[in-house]
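# Observations on the model geometry
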Amino acid sequence: MTDFLAKKSGPALKSSCPSGVVATRLDQLLPDALNKALGESVQQFDRWMKGFISDEAQFHGVESRTSCPIRITRDKASLQSLSHKGLYPSGEGAGYAGGITSAACDGIAIADVIAQEVASRSIGHHSPHSS
Ligand SMILES: Cc1cc2nc3c(=O)[nH]c(=O)nc-3n(C[C@H](O)[C@H](O)[C@H](O)COP(=O)(O)OP(=O)(O)OC[C@H]3O[C@@H](n4cnc5c(N)ncnc54)[C@H](O)[C@@H]3O)c2cc1C
């Protein structure tokens with residue numbers, strides 16, 4: 001992080017990343033606007049949390065977005081895919097969540113509509129053995 005802020009090269013630090021890390025000039029890979037935003041952001045964090053900028057901190061790779069950049073379209077009421085009935089696109093990969101809680105909430109919403117769908121299908125088809 002400090003090498004990035006100083007716009008110079010330096011050694012890669014120890015990392016728990018299984019594939020290992022290779023040092024590179026991140027500021028030469030990213031466009032200027034991103035370098036500026038990243039630099040200002042970590043400085044802001046350092047004001048909020050002293051020590052955020054540190055020789056022991058290491059940027060790993062480049063993440064351009066925090067969740068899926070595409071969304072599989074679905075019907076607003078049934079939550080089923082517009083093109084594939086019976087498919088319920090949900091969670092982060094389908095573009096409906098960006099974190100643990102939103103993914104969980106979306107999962108609950110999907111479970112609810114599936115339960116309603118199953119209940120509406122079984123009305124009138126109850127046998128003593130069905131549950
Ligand atoms: C490093 C990291 C840190 C994060 N930190 C936070 C955080 O601090 N707070 C926060 O809110 N969010 C965080 N997130 C985001 C959060 O983890 C995800 O948004 C959330 O887990 C998405 O849940 P999901 O159920 O939609 O997808 P996932 O949790 O990815 O679940 C998808 C499941 O589908 C399975 N699967 C995939 N393909 C198939 C297939 N073909 N057949 C069968 N199964 C399949 C996968 O094995 C997986 O179990 C972080 C994510 C990462 C990567």
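Data block above holds the structure.
How each quantity is defined
Residues numbered from 1 in each chain as written. Predicted model: local features only at pLDDT ≥ 70, side-chain atom pairs only at ≥ 80, totals over all residues. Heavy atoms only, no water. Near = heavy atom within 4 Å. Polar contact = N/O pair within 3.5 Å; in protein donor to acceptor, adjacent residues only side chain to side chain. Areas by Shrake-Rupley, 256 points an atom, 1.4 Å probe, with all protein chains shown as cover. Salt bridge = Lys/Arg side-chain N within 4 Å of Asp/Glu carboxyl O. Helix = DSSP H or I, 4+ residues; strand = E, 2+ residues; numbered from the N terminus. Buried < 20%, exposed > 50% of the residue type's maximum accessible area, 1.4 Å probe, protein only.

## Here we look at the site of the ligand
- By nearness alone, every residue bordering the ligand is listed as Gly91, Glu92, Gly98, Gly99, Ile100 and Ala103.
- In the model, an oxygen atom of the ligand is placed 2.4 Å from a nitrogen or oxygen of the Glu92 side chain.
- In this structure, an oxygen atom belonging to the ligand sits 2.8 Å away from a main-chain N or O atom of Ile100.
- Protein burial of the ligand: of its 1,000 Å² of free accessible surface, 20% is covered by the chains.

## Quick word on the pattern of salt bridges
- Tallied over the full model, the rule gives six salt bridges.
- Residue Asp106 pairs with Arg74 through a salt bridge whose shortest N-O separation is 2.8 Å. Of this pair, Asp106 sits in helix α4 (residues 100-122) while Arg74 sits in the loop between α3 (32-48) and α4, and the two are 32 residues apart along the sequence. The residues Asp106 and Arg74 share a single accessibility class, namely buried.
- Salt-bridge contacts for Glu117 lead to Arg121; the nearest nitrogen and oxygen are separated by 3.0 Å. In this pair, Glu117 and Arg121 are both assigned in helix α4, four residues apart and thus about one turn of the helix distant.

Such coordinate-based values are descriptive only and should not be taken to indicate function.
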